[in-house]
There are 2 protein chains.
Amino acid sequence: MAKPKNALYAQSGGVTAVINASACGVIETARKHKDKIGKVYAGRDGIVGALLEDLIDTGKESAASIRALRHTPSGAFGSARYKLKGLEESKAQYERLVQIFKAHSIGYFFYNGGGDSQDTAWKVSQISEKMGYPVICVGVPKTVDNDLPITDCCPGFGSVAKYVATSIREAGLDVASMAKTSTKVFILEVMGRHAGWITAACGLAAEQDGDAPHILLLPEIKFDQEKFIAKVDATVKKYGHCVVAVSEGLQTSDGKFLSESGLRDAFGHAQLGGVAPVIANLVKDKLKLKYHWAVADYLQRAARHIASKTDVEQAYACGKAAVEFALKGHNAVMPTIVRASDKPYKWKIGMTKLEDVANKEKMLPRDYITADGFGITAKCRRYLAPLIGGEDYPPFKGGLPQYARLKKIAVPKKLNIEFKV
Amino acid sequence: MAKPKNALYAQSGGVTAVINASACGVIETARKHKDKIGKVYAGRDGIVGALLEDLIDTGKESAASIRALRHTPSGAFGSARYKLKGLEESKAQYERLVQIFKAHSIGYFFYNGGGDSQDTAWKVSQISEKMGYPVICVGVPKTVDNDLPITDCCPGFGSVAKYVATSIREAGLDVASMAKTSTKVFILEVMGRHAGWITAACGLAAEQDGDAPHILLLPEIKFDQEKFIAKVDATVKKYGHCVVAVSEGLQTSDGKFLSESGLRDAFGHAQLGGVAPVIANLVKDKLKLKYHWAVADYLQRAARHIASKTDVEQAYACGKAAVEFALKGHNAVMPTIVRASDKPYKWKIGMTKLEDVANKEKMLPRDYITADGFGITAKCRRYLAPLIGGEDYPPFKGGLPQYARLKKIAVPKKLNIEFKV
């Protein structure tokens, strides 16, 4: 009987609090089928490691270490921002990948990433076929932006949603208690370059009239300075303070990012990133109100300590399902989250073709946004609420969360042919 | 037998994740001694409410609501940035307070705040004596800055310390996993205008060689641009990335705040706050490295979801002890935290005179800082480690922490004389 083929797992793009839970699902499931899947290799720094023949042998990691991936944020094997383009444009990279697969007898490719990565996985499945070394390619969904089509939600989003909603609720109480003599307006900047899902999730914190946040600035709604200032003014007059959540991707009516339109440093250079200080300055100039601002940046997508239990379970389930699909011979597919009901929240794993998810972005539907553009509707709440459900705390030692430390032992090179990335 | 005197409790200055735990300690303890303490009033928005005769009757809050204060961040009764100056300068305010005390037969004053507030409490005890209406004044320590003298630590600090150390560990893993093709330098700005305790606490996240954070920029050490850039460069060359924690109070050699020296907005106005983007621009200009930055701002001091169990217990114990001191007739004193041992960590409540804590700041000792000024020593770790010990999660509902909602019913006015604050 022939030796079973090996598998390659790679993480791609911006990491999340739960992408390692997907890795855990892939590896633990593969280990249960040693008759069909030999070794599971991981690309060091994602696809870049695959191209450089720098593979990690996950078989050298203990069961406890792999188990610990379930509660460890970031990309444990390293991730990469490295987009493979069209089959012709990036011909050399695609062919190199197939050579690597051949050299290490890799028959399964699990690519854990967003839309771009699903496109890559899809193309790899095509070219491997064409080159006479067919590899089963299965995508594993991942993105904090929640912008993948078809799947009801994306692993990674629920946890950042829980973090931003919790954080703005807490900061909102802080501002409310100081507003009489101190800060009147607080602005929290969150991620979401194109889609407003994370900003919308901040809205979950408000349960009663007057609760923070009072204003959401979504990338789907062009920024109207006068309307915004009037809303801040009215909110401060009514509640004594105003809490704003703003998306890093907020744009002016002429399509420019606010984060790139405002600040200049002492040398006159544009200050990239930081729409919160731009909004804060606006509030200061127009309303002369005391303000504070925060930029969560990586804190929000790395915050495993306040991860959503639902998100962790879905991330793990997607990794597990990817391996099960591959074992059933499904190729060029990706597991999806299918919502069966909102209340009680019920979900199951579905399957879609990679070509259908590749390079598409799912924006916040207009009917998820209130008429004035500054809030979320009941329909949006119904969709978002279950995704932040449940807590799944990591183990703590000495007051700090304990995260996996892998050995990341390299697989001996077999091809040993230089390649530039 | 005479009706027992009432008590006034007021929160002062910047709030914390655990100041309400002290309020809980004060109110629950007073409720156990109704024979000696009548009603417990709270100043709405701190001392400002007291001056305006806007008092909250905490007796109207259920036992469950008061209990919930223990896990609720911010200042539940409202706090104020309102400093009473010298007895002559602020004569009108001090006399007004005593009139309010008289009108509402308040015999105990519990003032929950930092150095300034302890100074105020001390002066109130003196003037009330002088005006023939002696009030027992007891301070309750509170500050995220950990800069009060005599007490080993300050309620509020341990929780912000746990939050920043956890956050920079998580963000550090994120950066490490992306560094090969993306962000090389990450900068987290934390609080601490004068004292570097919070920035130092970030250092607890690093347990092994190469762990984030790699550089701490403390307010106690004047910023040396060349030394800093060289250190970042060396760190990126050695580990592939560099994580920096910077204090909002970082100063240049000529004593200027970096946060006020760098950025200009589009109109050329100084951008107050935000030393992280200033440092980030510096890294970009000098080293041409991809950077990201975060400013935690209020998120850090409001983050009750990741509070230190030790901190919560000490905050409660200080509130409880303040009432017990008052009942024993101690006047113009404040409970302190006394450290009995580091390992295992043992602490008890002590007592100090208000005049000894008033208006003094405790900075980070030089021997808590490494020779190069960019890190913390073993001695500093030994001091800090126990303060973040233990988790004390708030109750969650629907994926979000549930915090106390008080009725805050006003006490009927008795003095009814206008007063301007």
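All values reported here derive from a predicted model rather than from experimental measurement.

### Considering the overall build of chain A
And step 1. Along its length, chain A carries 13 helices and 13 strands.
And step 2. In summary, chain A has a C-alpha radius of gyration of 23 Å against a globular reference of 22 Å for 421 residues, a match within 12%.
And step 3. On the principal axes, the C-alpha backbone points of chain A span a range of 75 × 45 × 40 Å.
And step 4. By the burial criterion, 63% of the 421 residues in chain A qualify as buried.
And step 5. Put simply, 76% of the contacts in chain A that link residues at least 6 apart link residues at least 24 apart.

### Re the pairing of strand β8 (residues 242–247) of chain B
All names here are of chain B.
And step 1. Among the six residues of β8, six are classified as buried, and the element is accordingly described as predominantly covered.
And step 2. Burial of the side chains of β8 extends over both faces: Cys-242, Val-244 and Val-246 are buried on one face and Val-243, Ala-245 and Ser-247 on the other.
And step 3. Sheet analysis places strand β7 (residues 215–217) next to β8, joined by three bridges and oriented parallel. Among the inter-strand pairings, Ile-215 is bridged to a residue of β8, identified as Val-244.

### Side note on the domain arrangement of chain A
Residue and element names in this part refer to chain A.
And step 1. The domains assigned to chain A are domain 1 (6–143 + 305–358 + 391–401) and domain 2 (157–304).
And step 2. Listed by partner, the interface residues are 20 residues for domain 1 and 10 residues for domain 2.
And step 3. Interface area, domain 1 with domain 2, both sides summed: about 1,200 Å², of which 49% is carbon and sulfur.
And step 4. Contact with domain 2 buries surface across domain 1, with Ala-17, His-305 and Ile-306 losing the most and accounting together for 38% of the total.
And step 5. The tally of links between domain 1 and domain 2 comes to two salt bridges.
And step 6. Between Glu-391 and Lys-162 there is a salt bridge, with its nearest N and O atoms 2.7 Å apart.
And step 7. Run the count over domain 1 and domain 2 and you get 11 residue pairs in polar contact (both at pLDDT 80 or more).
And step 8. Taken together, the residues of the side of domain 1 that touches domain 2 break down into eight nonpolar, seven polar and five charged.

### Side note on the nonpolar core
And step 1. Counting residues in hydrophobic clusters, the biggest one holds 161 residues, and the most contacted among them are A:Leu69, A:Phe77, A:Phe110, B:Leu69 and B:Phe110.
And step 2. In this structure, A:Val232, A:Ala276, A:Val283 and B:Leu282 belong to the second largest nonpolar core, which totals 54 residues.

### Observations regarding the side chain of B:Asp152
All names here are of chain B.
And step 1. Secondary-structure assignment places Asp-152 in the loop between β5 (136–141) and α6 (157–178).
And step 2. Residue Asp-152 is classed as buried on the basis of its relative accessible area of 18%.
And step 3. Those residues in contact with Asp-152 that lie beyond four places of it in its chain are Ile-337, Arg-339, Lys-362 and Tyr-383.

### Comments concerning the environment of B:Asp119
And step 1. Following the sequence through the fold, B:Asp119 ends up in helix α5 (residues 115–130).
And step 2. Other than its neighbours up to four places away in sequence, B:Asp119 contacts B:Lys83, B:Ala358 and B:Asn359.

Thresholds applied
- Residues numbered from 1 in each chain as written.
- Chains lettered and ligands numbered in written order.
- Predicted model: local features only at pLDDT ≥ 70, side-chain atom pairs only at ≥ 80, totals over all residues.
- Heavy atoms only, no water.
- Helix = DSSP H or I, 4+ residues; strand = E, 2+ residues; numbered from the N terminus.
- Rg over C-alpha atoms; globule rule 2.2 N^0.38 Å.
- Buried < 20%, exposed > 50% of the residue type's maximum accessible area, 1.4 Å probe, protein only.
- Contact = heavy atoms within 4.5 Å.
- Pairing = 2+ DSSP bridges.
- Domains from an automatic or database assignment.
- Buried area = accessible area lost by both parts, 1.4 Å probe.
- Salt bridge = Lys/Arg side-chain N within 4 Å of Asp/Glu carboxyl O.
- Polar contact = N/O pair within 3.5 Å; in protein donor to acceptor, adjacent residues only side chain to side chain.
- Nonpolar A, V, L, I, M, F, W, Y, C, P; charged D, E, K, R; others polar.
- Core = buried A, V, L, I, M, F, W, Y, C linked by side-chain atoms within 4.5 Å.

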